[in-house]
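What follows is each chain in one-letter form.
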Amino acid sequence: MFCADCERIENYLFPETTFWLFLPTFESVNKAIIFCGNGNYPAAQTESHCINVKVKKDQVNRFLLGLFGEFEPNELNATKITTTEGGEPTLSDIGRIVPASVLINRLNSEWIIQSIENDQYETHFQPIFEIDENGETRPFSYEGLFRIKDEFNNIVPPSHAFKLAEGSDLLFSLDLIARRSAVAHFKKSGLQGKLFINFNPSSIYDPSYCLRATASAINALGIRPEDVVFEITETTTATDESVMRGILNFYRNAGFGVALDDIGSGWSGLNMLHKYRPDYVKIDMDLVRDLHRDPYKQTIVKHLIQLAHDNGAKVIAEGIESQEELAILQRYRADYYQGFLLAKPKLYHSELSQEAQSHIDDTLKGIN
Ligand SMILES: [Ca+2]
């Protein structure tokens with residue numbers, strides 16, 4: 001289940017660890033030697049820009065946080081580290097070299113790995129509604145919202161968890177777990193309608209490899225591909241265009257739908273709409289907020305909906321909190337509606353027997 005690509009910080013630590021630091025400048029070498037001297041950490045300079053330092057296990061946190069507290073962010077990024085149990089680094093130790101910034105982030109995000117391994121996460125669902133001409137609302141689909149808990153069983157704000165994961169090279173694992181959790185919880189909850197799954201394109205190196213596990217999980221649980229839509233967020237514009245196309249092709253070939261998430265007033269969003277021809281466009285809640293009071297937003301939303309329709313996409317307005325906002329969106333003929341006004345995200349409890357739930361878990365465990 002857990003991605004073997006992600007090394008744990010413990011893999012770098014021994015009862016007494018020798019840290020091999022490859023430092024970018026003489027100034028950083030000096031800072032490190034002075035810090036080690038003051039803290040009584042036995043350090044030796046092996047080459048002009050390399051020092052090694054022996055640190056006992058219970059002192060590792062203090063050592064790493066203290067040392068890198070002395071460094072500027074660019075020094076931290078340019079410093080590379082590997083560890084050994086005492087001897088000189090071998091070839092495999094060289095393969096474990098990481099930037100100091102990643103090691104520090106991993107130290108801070110160790111709880112994420114613990115939570116993944118202990119299954120301390122769940123997926124909440126927020127319905128997306130269609131509204132007929134009589135004003136009757138009906139859930140058309142459910143967006144899965146991943147919630148991970150820390151060691152005290154508190155739900156961590158998702159943006160914080162994903163940011164930490166990104167800084168410590170865990171984004172790929174966390175995003176994969178989140179997608180799989182959405183599929184499992186959807187099946188267990190017995191919800192009817194489509195499932196919308198959030199997806200971060202920057203967590204993908206190779207679409208056919210990285211997305212296969214999610215596609216397999218969907219198939220294994222007997223969910224029809226046409227009932228699954230992946231929401232790709234606009235904030236990841238840094239993602240290479242060819243990678244994005246690879247991802248979209250993968251989803252389309254597998255029969256899934258694609259939504260562009262959080263489409264705002266930015267040009268990148270409009271550009272993506274034209275370039276990637278999504279099945280759905282989700283209008284960002286910033287545009288929806290106080291729509292009735294803001295003629296500028298009204299112009300944008302009106303044209304955005306028109307543009308989406310011209311490109312064959314359905315429009316979902318998200319983050320709706322007031323009747324006034326909803327009324328305008330209906331007037332502009334958005335297709336679907338989501339927000340606290342209509343329904344909050346919540347945990348849907350399983351309708352299935354314990355045995356049926358275990359069967360789902362077991363099915364997913366076999367998929368990597
Ligand atoms: Ca979303």
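Residues numbered from 1 in each chain as written. Predicted model: local features only at pLDDT ≥ 70, side-chain atom pairs only at ≥ 80, totals over all residues.

As recorded in an unreviewed UniProt entry, the protein chain goes by Signal peptide protein and comes from Pseudoalteromonas piratica.

Student: Describe the overall build of the protein chain, with residues and values.
Tutor: Tallying secondary structure elements over the protein chain gives 16 helices and 13 strands in all. Taken along the three principal axes of its C-alpha coordinates, the protein chain extends 80 × 55 × 35 Å. Per-residue burial for the protein chain yields a buried fraction of 35% across its 368 residues. In the protein chain, of all internal contacts separated by at least 6 residues, the share reaching a separation of at least 24 is 67%. (Helix = DSSP H or I, 4+ residues; strand = E, 2+ residues; numbered from the N terminus. Buried ≥ 20, exposed ≤ 12 C-beta atoms within 10 Å, placed from the backbone. Contact = placed C-beta atoms within 7 Å.)

Student: Before we move on, could you go through the nonpolar core and cite the residues and values that matter?
Tutor: Core analysis: the largest hydrophobic core is formed by 66 residues, its most contacted members being Val281, Ile283, Val315 and Ala317. Each residue touching Ile283, except ones within four places of it in the same chain, is listed here: Ile263, Val288, Val301, Leu304, Val315, Ala317 and Glu318. Phe19, Leu21, Val53 and Ile81 belong to the second-largest nonpolar core, a separate cluster that totals 19 residues. (Core = buried A, V, L, I, M, F, W, Y, C linked by C-beta atoms within 7 Å.)

Student: I'd like a description of helix H7 (residues 158–167), backed by residues and values.
Tutor: Within an α-helix, residues lying three or four positions from one another point in the same direction, as the helix has 3.6 residues per turn. Taken residue by residue, H7 has Ala161, Phe162 and Ala165 as its buried positions. Looking straight down H7, one finds that the buried residues subtend no more than 95° of arc, so they occupy a single side. Of the exposed residues in H7, the ones pointing more than 90 degrees away from its buried face are Ser159 and His160. Lining the buried residues of H7 we find helix H6 (110–117), strand S7 (137–148) and helix H8 (171–189). Backbone geometry just downstream of H7 places Asp169 in the positive-phi region, at approximately 60°. (Arc of directions from axis to C-beta.)

Student: Can you lay out the domain arrangement of the protein chain for me, pointing to particular residues and giving the numbers?
Tutor: For the protein chain, the assigned domains are domain 1 (9–108) and domain 2 (112–365). A straight line from the C-alpha centre of domain 1 to that of domain 2 covers 40 Å. On the side of domain 2, four residues touch domain 1, which itself brings four residues to the contact. (Domains from an automatic or database assignment.)

Student: Which residues make up the sheet that holds strand S5 (residues 98–99), and what values do they have?
Tutor: In space, the five strands of this open sheet follow the order S2-S3-S1-S4-S5, with antiparallel pairing throughout. Either end of the sheet is taken by a strand with one partner, and the two such strands are strand S2 (43–47) and S5. (Pairing = 2+ DSSP bridges.)

Student: Please set out the pairing of S2 residue by residue, giving values where relevant.
Tutor: Alignment of S2 against strand S3 (residues 50–56), held across four bridges, turns out to be antiparallel. Its bridge partner being in S3, Gln45 is matched across the sheet by Ile51.

Student: Summarise the environment of Val156; cite the residues concerned and give the values.
Tutor: With respect to the helices, strands and loops of the structure, Val156 is situated in the loop between S7 and H7. Beyond its immediate stretch of four places on either side in the chain, Val156 contacts Ile148, Lys149, Asp150 and Ala161.

Student: Account for the packing of helix H2 (residues 60–69) against helix H5 (residues 100–108), naming residues and giving values.
Tutor: Orientation of H2 relative to H5, taken along the N-to-C sense of each, is 130°, at an axis distance of 11 Å. Classified by the angle between their axes, H2 and H5 sit oblique to one another. Here H2 runs over H5; the crossing is left-handed. Together, Asn61, Leu64 and Phe68 of H2 and Ala100, Leu103, Ile104 and Leu107 of H5 make up the contact between the two elements. Counted by class, the contact of H2 with H5 contains six nonpolar, one polar and no charged residues. (Axes fitted to C-alpha atoms, helices over the stretch in contact; angles between N-to-C directions. Parallel < 35°, antiparallel > 145°, perpendicular 65-115°, else oblique. Left-handed = near helix turned anticlockwise from the far one by under 90°. Nonpolar A, V, L, I, M, F, W, Y, C, P; charged D, E, K, R; others polar.)

Student: Just give me the short version of the pairing of strand S4 (residues 80–84), but keep the residues and values in it.
Tutor: The sheet contact formed by strand S1 (residues 16–22) and S4 spans five bridges and is antiparallel. Within S4, the position partnered with Phe19 by the bridge is Thr83. Bridge analysis of S4 against S5 gives two bridges, and the strand direction is antiparallel. Directly across from Ile81, in S5, lies its bridge partner Val98.

Student: Account for helix H1 (residues 26–38), with residues named and values stated.
Tutor: Here H1 is 13 residues long and its end C-alpha atoms lie 18 Å apart, about the 18 Å a rise of 1.5 Å per residue gives. The inward-facing, buried residues of H1 contact S1, S2, S3, H2 and helix H3 (73–78). Where H1 ends, the next residue or the one after it, Asn40, has phi of about 60°, a positive value. (Expected span 1.5 Å × (residues − 1).)

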